[in-house]
Amino acid sequence: MKNKILVTGGAGYIGTHTCIALHEAGYEIVVYDNLSNSSREAINRVSNLIGQPIEFIEGDIRDAELLKKVFAAHDFFSVIHFAGLKAVGESVAKPLLYYNNNVSGTITLLQVMAEYDVKNLVFSSSATVYGDPETLPIDENSKRSCTNPYGQSKLAVEHILEDLAVSDDSWNLIPLRYFNPVGAHLSGQIGEDPNDIPNNLMPYISQVAVGKLNKLNIFGNDYPTVDGTGVRDFIHVTDLAQGHVAALNYLEQKISLNEYKNDQEYSVGFLPINLGTGKGTSVLELISTFSKVSGQAVPYQFASRRAGDIASCYASADKAKELLGWEAKLSIIDMCQDSWRWQRQSPNGYK
Ligand code: NAD
Ligand code: UD1
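A brief structural summary. Every value quoted in this text rests on a predicted model; they were computed, and no experiment measured them.

What counts, and where the lines are drawn
- Here the residue numbers are simple positions, counted from 1 along each chain's written sequence.
- Just so you know, chain letters begin at A and ligand numbers begin at 1, following the order they were written in.
- Predicted model: local features are reported for residues with pLDDT of at least 70 only, side-chain atom pairs are reported and counted for 80 or more only, and whole-chain, interface and lining totals are derived from all residues.
- Side-chain metrics in this entry use all non-hydrogen atoms of the structure; hydrogen atoms and water are not considered.
- Nonpolar cores were defined as sets of buried Ala, Val, Leu, Ile, Met, Phe, Trp, Tyr and Cys residues, with membership established by side-chain atoms within 4.5 Å.
- Categorising residues by exposure relies on relative accessible area from a 1.4 Å probe, with only protein chains included: less than 20% of the type maximum marks a residue as buried, more than 50% marks it as exposed, and the intermediate range marks it as partly exposed.
- Working definition: helices are DSSP H or I runs of at least four residues, strands are E runs of at least two. Numbering for both runs from the N terminus.
- In what follows, residue pairs with any heavy atoms lying within 4.5 Å of each other are defined as contacts.
- Here, proximity means that at least one heavy atom of the residue falls within 4 Å of the molecule or strand.
- Within 3.5 Å is the distance limit for a polar contact, defined as a pair of N or O atoms, with the added protein rule that one can donate a hydrogen and the other accept it, and that residues adjacent in sequence qualify only through two side-chain atoms.
- Here the Shrake-Rupley method, with its probe set to 1.4 Å, supplies the accessible areas, and only the displayed protein chains count as covering residues.
- Angles run from 0 to 180 degrees between N-to-C directions of axes, and those axes are lines fitted to C-alpha atoms, restricted for helices to the stretch in contact.
- The cut-offs work like this: below 35 degrees is roughly parallel, past 145 is roughly antiparallel, 65 to 115 is roughly perpendicular, and the gaps in between are oblique.
- For any pair of crossing helices, the crossing counts as left-handed if the nearer helix is rotated counterclockwise from the farther one by less than a right angle, and right-handed if it is rotated clockwise.
- In this description, strands pair whenever DSSP reports at least two bridges between them.
- Polar here means any residue outside two lists: the nonpolar Ala, Val, Leu, Ile, Met, Phe, Trp, Tyr, Cys and Pro, and the charged Asp, Glu, Lys and Arg; Gly therefore counts as polar.
- The salt bridge definition used is simple: a Lys or Arg side-chain nitrogen within 4 Å of an Asp or Glu carboxyl oxygen.

1. A few points about the nonpolar core
Here comes step 1: Counting 48 residues, the largest nonpolar core has Ile174 and Leu248 as its most contacted members.
Here comes step 2: The biggest single contributor to this core is helix H8 (residues 237–261), with 10 residues.
Here comes step 3: The contact partners of Ile174, leaving out residues within four places of it in the chain, are Leu121, Val122, Phe123, Ala247, Tyr250, Leu251, Val268, Leu271 and Ile273.
Here comes step 4: If you look at the next biggest cluster of nonpolar residues, it comprises 25 residues, including Ile57, Val79, Ala165 and Phe270.

Structure follows, in structure tokens:
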């Protein structure tokens, strides 16, 4: 197995879960994170869960010199690139910060990868690149468009990766387009730890249920959906983590076939893949399931639509199944149970 992986942003929400899945699958990991939206405590908890220390480097993806030292010291098979800023509202207020961090940071990372001849990358993209979809479910060939700097930064990186693959067919680049990641590790030891008041639905619901927040505002009840509230494709973060392992397995397979046969047919190039369940759940349905599994009331009120929101968004997950042999296994009940366990056990996150 070609097994050493650099995980940028590995101290964050999806990164920590993926580190565990990678370790369980036999990969050796090196985490590189500037801790701008995470903590050492998250890394400690991952180490405890896997029963061994993790190699952790505190560093920024925009720091080329430090990255070069890391690449010189390790023989990486691939990079999984989670590092990025992700708050839509903040990106509208601070676009330069977002383009600098997410786009310039990725360019720096890619330049160092090229220098050290590490040309395999799994990148955290997002369903946000599809904007307001024309048809549902959304497949990978759907039109891409974004309305905010965060989304634009993801789309810009996708375009850069596409151009890179065209320029040189030794690059193997898989942007995984996540739908709505929720849930937490079964142990309740790691999970999503938003700074301040959460922007996203699931952490908001669980903070209302645990009594930290009074009431949920439901943004819009007049959408053309099953009950008027927004519909999303919620996916358990553990399933999402497994999707990264499946993407690495795919890269390994293709690359060894390519090395063996030296045939264009086996080159990966730029290969975007949706990671979703293929099922839509409305805001009201999620609240109702969460209340049932937690036994807690989740008081809410209807409020006006949130700017930039869309009515419905769910994936076609066929390509992931066909190419990677991956599909989501966990249900909305699992997602609510696991989010609730994490919230209850760590009401203040990692603090
Ligand atoms: P997160 O904020 O928990 O994790 C991101 C990590 O990257 C953090 O630990 C942060 O400290 C680190 N980081 C940020 N900028 C960095 C930099 N310049 N150098 C080094 N480290 C840096 O977010 P997450 O939810 O785990 O998301 C991971 C990735 O997936 C992000 O790129 C995000 O945009 C993308 N994504 C997330 C979602 C979601 O809903 N969570 C959906 C779609 C895509
Ligand atoms: C948001 C981001 C998207 C990002 C994704 C995952 C926006 C416009 N989009 O997507 O770019 O990729 O998070 O991080 O911010 N809702 C409420 N009340 C709340 C919070 C949310 O009713 O307090 C509703 C929303 O209106 C939406 C649904 O819940 O219908 C899901 O919202 P959210 O969890 O923020 O995810 P997205 O809007 O899909």
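Further notes follow.
2. Let's talk about the site of ligand 1
Here comes step 1: In the region of ligand 1, 27 residues are neighbours, and Ile14, Asp33, Asn37, Ser38 and Tyr150 sit closest.
Here comes step 2: One of the backbone nitrogen or oxygen atoms of Phe82 is found 2.8 Å away from an oxygen atom of ligand 1.
Here comes step 3: Here Lys86 contributes a side-chain N or O atom positioned 2.8 Å from an oxygen atom of ligand 1.
Here comes step 4: Burial of ligand 1 by the surrounding chains reaches 95%, relative to a free accessible area of 810 Å².
Here comes step 5: Of all the elements in the fold, those that place two or more residues in the shell around ligand 1 are helix H1 (13–24), strand E5 (120–126) and helix H6 (149–167).
Here comes step 6: Per element, the largest residue contribution to the shell around ligand 1 is 3 residues, and it comes from E5.

3. Here we look at unusual backbone geometry
Here comes step 1: Pro137 follows Leu136 through a cis peptide bond whose omega is -10°.
Here comes step 2: Residue position: Pro137 is located in the loop between E5 and H6.
Here comes step 3: Residue Asp196 is not a glycine yet carries a positive backbone phi of 55°.
Here comes step 4: Within the element layout of this structure, Asp196 appears in the loop between strand E7 (180–182) and helix H7 (201–209).
Here comes step 5: Relative accessible area serves as the criterion here: at 71%, Asp196 is assigned to the exposed category.

4. Structural notes on the packing of H7 against helix H11 (residues 332–345)
Here comes step 1: Contact geometry for H7 and H11: axes closest at 10 Å, N-to-C directions at 55°. Judged on the interaxial angle alone, H11 and H7 are oblique. Judged by the twist between their axes, the crossing of H7 over H11 is right-handed. Of the residues in H11, those touching H7 at Met202, Pro203, Ser206, Gln207 and Ala209 are Met335, Cys336, Ser339, Trp340 and Gln343.

5. Here we look at the sheet that holds strand E15 (residues 312–313)
Here comes step 1: Ordered by their spatial adjacency, 3 strands build an open sheet running E13-E9-E15, and the pairing between neighbours is mixed. Each edge of the open sheet carries a strand with a single partner, namely strand E13 (281–282) and E15.
Here comes step 2: Judged from the 2 bridges that link them, strand E9 (residues 231–232) and E13 form a sheet pairing that is antiparallel. In the strand pairing of E13, Arg232 is matched with Thr281.

6. Examining the site of ligand 2
Here comes step 1: Near ligand 2, the surroundings consist of 18 residues, among which Leu201, Asn217, Arg232, Arg306 and Asp309 are the closest.
Here comes step 2: Contact distances for ligand 2 include 3.2 Å between an oxygen atom and a side-chain N or O atom of Ser126.
Here comes step 3: Take Asn217: an N or O atom from its main chain is 2.7 Å from a nitrogen atom of ligand 2.
Here comes step 4: When residues in the shell around ligand 2 are grouped by element, the largest group, 4 residues, is from strand E8 (residues 216–219).
Here comes step 5: By residue class, the composition of the shell around ligand 2 is 8 nonpolar, 7 polar and 3 charged.

7. So, the pattern of salt bridges
Here comes step 1: Applying the stated rule across the entire model yields 18 salt bridges.
Here comes step 2: In this structure, the salt-bridge partner of Lys4 is Glu28, at a minimum N-O distance of 3.8 Å. Linking Lys4 in strand E1 (residues 4–8) with Glu28 in strand E2 (residues 28–33), this pair joins segments that are 24 residues apart in sequence.
Here comes step 3: Classification of Lys4 as buried rests on a relative accessible area of 17%.
Here comes step 4: Its salt-bridge partner being Lys321, residue Glu327 comes within 3.7 Å of it at the nearest N-O pair.
Here comes step 5: On the basis of relative accessible area, Glu327 is assigned to the partly exposed category, the value being 43%.
Here comes step 6: Assessed through its relative accessible area of 47%, Lys321 is described here as partly exposed.
Here comes step 7: Taken together, the shared-partner salt bridges connect Arg144, Glu158, Glu162 and Arg177 into one network.

8. Examining the environment of Glu162
Here comes step 1: If you trace the backbone, Glu162 turns up in helix H6.
Here comes step 2: Under the relative-accessibility criterion, Glu162 is labelled partly exposed at 24%.
Here comes step 3: Between the C-alpha atom of Glu162 and that of Gly269, which follows or precedes it by 107 residues, the distance is 7.9 Å.
Here comes step 4: In this structure the side chain of Glu162 is engaged in a polar contact, spanning 3.2 Å, whose partner is the side chain of Arg144.

9. Describing the packing of H1 against helix H2 (residues 40–50)
If you want to describe how two helices pack, look at the angle between their axes and the distance between the axes.
Here comes step 1: Direction vectors running N to C along H1 and H2 enclose 25°, while the axes themselves pass 10 Å from each other. Considered as vectors, H1 and H2 are oriented roughly parallel to each other. For the element pair H1 and H2, the recorded crossing hand is right-handed. Of H2, the residues touching H1 (which contributes Thr16, Cys19, Ile20 and His23) are Ala42, Val46, Leu49 and Ile50.

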